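Residue-level listing of the chains:
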Amino acid sequence: MRYLPHTEKDREKICADIGINNAQDLFHVIPEHIRKKAVLNLPPAKSELAVERYMQNIAKKNIAADDVSFFLGAGAYKHHIPASVDMIIQRSEFLTAYTPYQPEIAQGTLQYLFEFQTQCSRLMGMEMANASMYDGSTASAEAVLAAFRITRKNKAIISGNIHPQYRDVITNLCTVSGYKTQTLPPRFMNDEELLEVFDDDTAAIIVQNPDFFGHVNDFSTLAKIAHEKNALLIVCTTECVSLGLIKTPGEMGADIAVAEGQSIGNSLNFGGPYLGLYTTKKKYMRQTPGRLCGKTVDSDGKTSYVLTLTAREQHIRREKATSNICTNSGLCTLAFSAHMSLLGQKGLHTLARINHAKAQKMYKSLSQIPKVTIYNSTFFNEFTIQLPANAADIVDRLLEDNIIAGLPVSRLIPDNPECNNLLLVCATEMTTDNDIAFFANKLQNIL
Amino acid sequence: MTEYYFSEEHEYIRKENEVFYMGISNFAQEQLGDIVFVELPDVGSTFKKGETIATVESVKAASDVYAPCDCTVVSINTTLEEKPETVNENAETNGWFMCLTINDETQLKELMSQDTYTNFIQNVS
Amino acid sequence: MLTSSSNINDGKAYKTFSGDKGLQHEEELIFSIGDINKTGVDFEQEDTYDDTFLQGLERQQPINLPGLSEPEAVRHYVRLSLNNYAIDTGIFPLGSCTMKHNPRLNEKIARLKGFSDIHPLQPISTVQGALQIMHELTEWLCEITGMHSIALSPKAGAHGELCGIMAIKEALRVRGDKRNIMLVAESAHGTNPSTAVLSGFTVHSIKANAKGTVSLASVKEAINDDVAGIMLTNPNTCGLFEPEIIAIAEAIHDCGGYFYCDGANLNAILGKAKIADLGVDAMHINLHKTFSTPHGGGGPGAGPVVLSERLAPYAPLPRIVKNDDNTYTLHEHADNSHTQQAFGRITAFHGQMGMFVRTLSYMLSHGCDGLRQISEDAVLNANYLRVHLEKTFGLPFDNKNIMHELLLDDRCLENTGITTLDFAKSLIDEGFHPMTVYFPLVVNGAMLIEPTESETRQSLDKFIQVMLALVDSAQKGEVDRFLNAPLYAPRKRIDETTAARKPILTHE
């Protein structure tokens, strides 16, 4: 077995030293009838070549985004990843390291986490960031739980324009923790309407920007309303490339801002692993979930980094911890951070502008199709269109032309007939002008 | 006139000129090691004896501090926000956590005097 | 016995002009290396756009992030990497963490575009291979554990715990039961009590007995009508198989509760015990431990939860169903018979696909015999360490039946003035990553050592020699070696107190 270094002779020597006949003797503490039943009805070992062939055959049954004209976003985005990013995350010393609990021999991981926290803070326009959550949806739920701890109130308001799966994750976690949630209808609400949704129990309102349907919003007024009611504004972002161009949560007055970080440095991976960004104001530092990396010195006075404020965390505070999270998204944060280091402000701004320009180009093409109505007045790189027929059916039809045309909104909101004809479409720097023309042409033909 | 009253959980109440200061004993801070943060309650909040009134964090531990008697928080020691090490340096003087009002001073009699506490911690260690 | 020069600073070292030392470079932050006007990513010519759709919604403040050219970025991260210890560097005996070799084949396969370049919301017909992977993974993990079904979506171990405890809570809710107490072993990982409280339960801690295990008597004593369940790790965090686990499970079931098993230590019992036969109702499996998906400096992980038949209806969404025609369906909503009792979602999308691919590849490579061999070798290695260390260190419990990890306490350091932490740091100087220290909480100055099956006998021998030599040195009073350790790491002892008193979390 290529991954197990012992020879039979090694095992014999080890058994002799232990004073046993064979390894079975070490398992006698497990009742015999349990051991007898533990036979694994599984295939025998395969060679590296055989495994590779087996897995390649399965991989071929999937259609890769790269092989079609691709217009799907809705919380996961296809962007280009520089080759050096994957090389960096495959460095043994990053890939096969553990959580940096021994900081003297983990400065590599700790320094990139410190850089990552700084990048996230600046990207979101916030004061501080943690060392990552699992993904955008769990980061959103954790943000709401933090708001309950901060305000000592027990109800959260969830915008109707938040990604439906994010809404479910937030609602579930709040409910199981004994808190209340109220979900608003999926539509624009003016200030007067929003003022009315707050009551004395409201700890926070969580909104998404750009929202699930692609609208770009300014939540500055909402921040003021929330603060007047002693509640927090939480802004969540599923497409963090947008922050290269649009107003940041910090500029709007958000108290906590979370995001899905996949767009920078991480592949689509069928939904995971991704990384959640969690940023907030310094005054809420001690209510932050998850790991935090801080700057300090060693006994020689050299600048060093270390996981800090760990007394918040489960391994120390146990049942009183701010979160149960332990393992987070280490290597995905490195991919994010390395890609962001390459981009810098200049690259990110350009990338964001290209995304917006591509989406505008797509807007212009699709808006010329007679039976298509565009739902958005604002957008970054995705928007929602109304089709004259069921969007899921149309997506299936376009698949025949090697087009993955976007997300039929009904896939995530199945119980609302108004959504049946809505299609959420996305363009990024990966989208070519030919893709857009081809898509518009085929869509027009179908309709 | 300064009097100290100690609990078995190593909190003290210091009565000084009719003001009640509360903190953790010198013995407690030694046990905790370098203190990095003290979480204090809101001024005006009231506690029953035995309820968690504050939390003390060292690098690798977080310990609850319990109200030694029924009390209301009148003020907190804001020095500790910037300088939590004050508790390590002067636990029973400058390192006080908060000032309290105590309605039922008879509860103090259930606590230990300085001498009794000194004996108590010798048995603990 | 190893010996070394008693003067470990033999005066030859001097400060370099550069501040660097041979292969070890001091590396600045990207904020010092990069430049606001530079970027390491080139783009095709920008398309033009107008401000119709962003009017007034543009970012006002600059992002203020420097860019690095590719050579600068690559050098930056390579230099940083050289300050890290990793499994690929040497033995990484962190107890309860299962730091085993990460086969590179799995990395190669996870990068096939058919796996890495597929979107979670693509039409189901275009991701049949992905669903097949998830289904095959389900079959393997259910066979290994003997359990009825699986929830794949949890993102890591603690998330899996949350999933399992939420399923228990939902099962109780459906039957109209308001039980609110969760029994948790004192030796449990911190995630157990934390998860239980997050899920709205009150934690009652169960103490370990003199043998380091949980006794049936202490569980029975704690059981009452409010007990919703128990969370136990098996083998436990002392490296011991819980001898009364079956009776404990029965007792919990008899009182109407559920048995959650923390699967962190599954590596010890592959092919040796199916946890279903122990009476477990839910257990997360850390794919990043037992099935070697890389730890990546703290993640990502994956924590699928296997469920008993009685908890199966309460698994979260989504669920995969294999149809009669060998196609797969993904149920994403609780609107059909398969899923009507699901409590909803615990994450967006479907879980850590990248980890599922690596895990399946790992299991295919080992096959049924290889999986059993993993556990045998892991347990052999731990016991090899035990027989060579127990005389010098002593065992904290009167119990030699250890499985895959060895728990020691600090009695051999008594009266030396050296703590477990100092001892651990001295291992760094010797070229090893330290073991887990001060966990579990049930013994003083705990040192928990898990060698895993990946280590050779030669590697274990060297580790043993160094451990013994260090104890000898400590007992001879050579305290400098310990109190100043590490001297040969990229950094000396790090000031964690200042870091926590005056937190600096971002570069200003």
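Throughout this description, residue numbers start from 1 for each chain and increase along the sequence as written. The lettering of chains begins at A and the numbering of ligands begins at 1, in the order of writing. Local features in this predicted model are restricted to residues of pLDDT 70 or higher, and side-chain atom pairs are both shown and tallied only at a pLDDT of 80 or more, whereas totals for entire chains, interfaces and linings draw on every residue.

## Here's the deal with the overall build of chain B
Just so we agree on the cut-off: Only DSSP runs of H or I with at least four residues qualify as helices, and only runs of E with at least two residues qualify as strands; both kinds are numbered from the N terminus onward. A residue is called partly exposed when the number of other C-beta atoms within 10 Å of its own lies between 12 and 20, exposed at 12 or fewer, and buried at 20 or more, with C-beta atoms placed from the backbone. Contact between two residues is assigned whenever their backbone-derived C-beta positions fall within 7 Å.
Of regular secondary structure, chain B possesses four helices and nine strands. Listing each helix as α and each strand as β along chain B from the N terminus yields β-β-β-α-β-β-β-β-β-α-α-β-α. Overall, chain B is about 35 × 35 × 25 Å in size when its C-alpha atoms are taken along their principal axes. Counting over 125 residues, chain B shows a buried share of 38%. Sequence-distant contacts, at least 24 apart, represent 56% of the contacts inside chain B between residues at least 6 apart.

## A few points about the confidence of the model for chain B
Here is the rule we go by: Per-residue confidence from the prediction method is given by pLDDT, with values spanning 0 to 100.
Per-residue confidence for chain B gives a mean pLDDT of 93; residues scoring 70 or more make up 99%. Across the interfaces of the predicted complex, the ipTM metric reaches 0.97, alongside a pTM of 0.96.

## With respect to the sheet that holds strand 2 (residues 11-16) of chain B
All names here are of chain B. Note the cut-off: Think of it this way: DSSP has to see at least two bridges between two strands before they count as a pair.
With respect to topology, six strands assemble into an open sheet ordered 1-2-3-9-8-5, the strand pairing being antiparallel. With one partner strand each, in any of the chains shown, strand 1 (2-6) and strand 5 (46-47) form the two edges of the open sheet. Where strand 3 (residues 19-24) lies against strand 9 (residues 98-101), three bridges are found, and the strand directions are antiparallel. Bridge pairing in strand 9 links Tyr-21 to Cys-99.

## A word on the sheet that holds strand 3 (residues 155-158) of chain A
Residues and elements named next belong to chain A. Note the following rule: All axes are obtained by fitting lines to C-alpha atoms, using only the stretch in contact for helices, and the reported angles, taken between N-to-C directions, cover 0 to 180 degrees.
Overall, mixed pairing links the seven strands, which are arranged 2-8-7-6-5-3-4 in an open sheet. Each having just a single partner strand, strand 2 (128-129) and strand 4 (180-183) make up the two edges of the open sheet. Both strand 6 (residues 232-237) and strand 7 (residues 256-260) contribute to a ladder of four bridges, which runs parallel. Directly across from Val-235, in strand 7, lies its bridge partner Ala-257. Against the sheet, helix 10 (residues 220-228) contacts strand 5 (202-208) and strand 6, and its axis sits at roughly 145° relative to strand 6.

## Focus on the interface of chain B and chain C
Put simply, the rule reads: Under the grouping applied here, Gly and all other residues not named as nonpolar or charged are polar, the nonpolar ones being Ala, Val, Leu, Ile, Met, Phe, Trp, Tyr, Cys and Pro and the charged ones Asp, Glu, Lys and Arg.
With six residues of chain B in contact, the opposing surface of chain C contributes four residues. Its residues placed into classes, the side of chain B that touches chain C shows four nonpolar, no polar and two charged.

## Let's talk about the packing of helix 1 (residues 8-18) of chain A against helix 10 (residues 353-393) of chain C
So the rule is basically this: Reported orientations rely on four angle classes, namely roughly parallel under 35 degrees, roughly antiparallel over 145, roughly perpendicular from 65 to 115, and oblique for the rest. Whether a crossing is left-handed or right-handed is set by the direction in which the near helix is turned from the far one by less than a right angle, anticlockwise for left-handed and clockwise for right-handed.
Between helix 1 of chain A and helix 10 of chain C, the least distance of the axes is 9 Å, while the angle of their chain directions is 40°. For the element pair helix 1 of chain A / helix 10 of chain C, the angle class is oblique. Relative to helix 10 of chain C, the crossing made by helix 1 of chain A is left-handed. Counting all contacts with helix 1 of chain A, which are made through Arg-11, Ile-14, Asp-17 and Ile-18 of chain A, the residues of helix 10 of chain C involved are Leu-380, Asn-383, Tyr-384 and Val-387 of chain C. Of the residues contributing to the contact of helix 1 of chain A with helix 10 of chain C, the split by class is five nonpolar, one polar and two charged.

## So, unusual backbone geometry
With an omega of -10°, the peptide bond between Asn-234 of chain C and Pro-235 of chain C qualifies as cis. Along the chain, Pro-235 of chain C falls in the loop between strand 4 (227-233) and helix 9 (245-254). A cis geometry characterises the amide bond from Leu-317 of chain C onward to Pro-318 of chain C, with omega recorded as 0°. Although it is not a glycine, Asn-17 of chain B sits at a positive phi angle of roughly 50°. Tracing the chain through its elements places Asn-17 of chain B in the loop between strand 2 and strand 3.

## Looking at helix 3 (residues 48-59) of chain A
Let me state the cut-off plainly: Multiplying 1.5 Å by the residue count of a helix minus one yields the expected span of that helix. In this description, one arc is meant: the one made by directions from the helix axis to the C-beta atoms.
In this model, helix 3 of chain A (12 residues) spans 16 Å end to end at C-alpha, consistent with the 16 Å of a helix rising 1.5 Å per residue. Residues Val-51, Met-55, Ile-58 and Ala-59 of chain A constitute the buried set of helix 3 of chain A. Angularly, the buried residues of helix 3 of chain A cover 100° about the axis, an arc narrow enough to put them on a single face. Away from the buried face of helix 3 of chain A by more than 90 degrees, exposed residues Leu-49, Ala-50, Arg-53 and Asn-57 of chain A are located. Against the buried residues of helix 3 of chain A lie helix 3 (104-110), helix 4 (113-116), helix 5 (128-145) and helix 10 of chain C.

## Some remarks on the nonpolar core
Rules: Put simply, a nonpolar core is buried Ala, Val, Leu, Ile, Met, Phe, Trp, Tyr and Cys residues tied into one set by C-beta atoms within 7 Å.
Ranked by internal contacts, the top residues of the largest apolar core, which has 343 residues, are Val-144, Ala-147, Ile-206 and Ile-234 of chain A together with Ala-167 and Leu-307 of chain C. By residue number, the principal contributor to this core is helix 10 of chain C, which donates 19 residues. In contact with Ala-147 of chain A, not counting residues within four places along its chain, are Ala-156, Ala-203, Ala-204, Leu-232, Ile-234 and Ile-256 of chain A.

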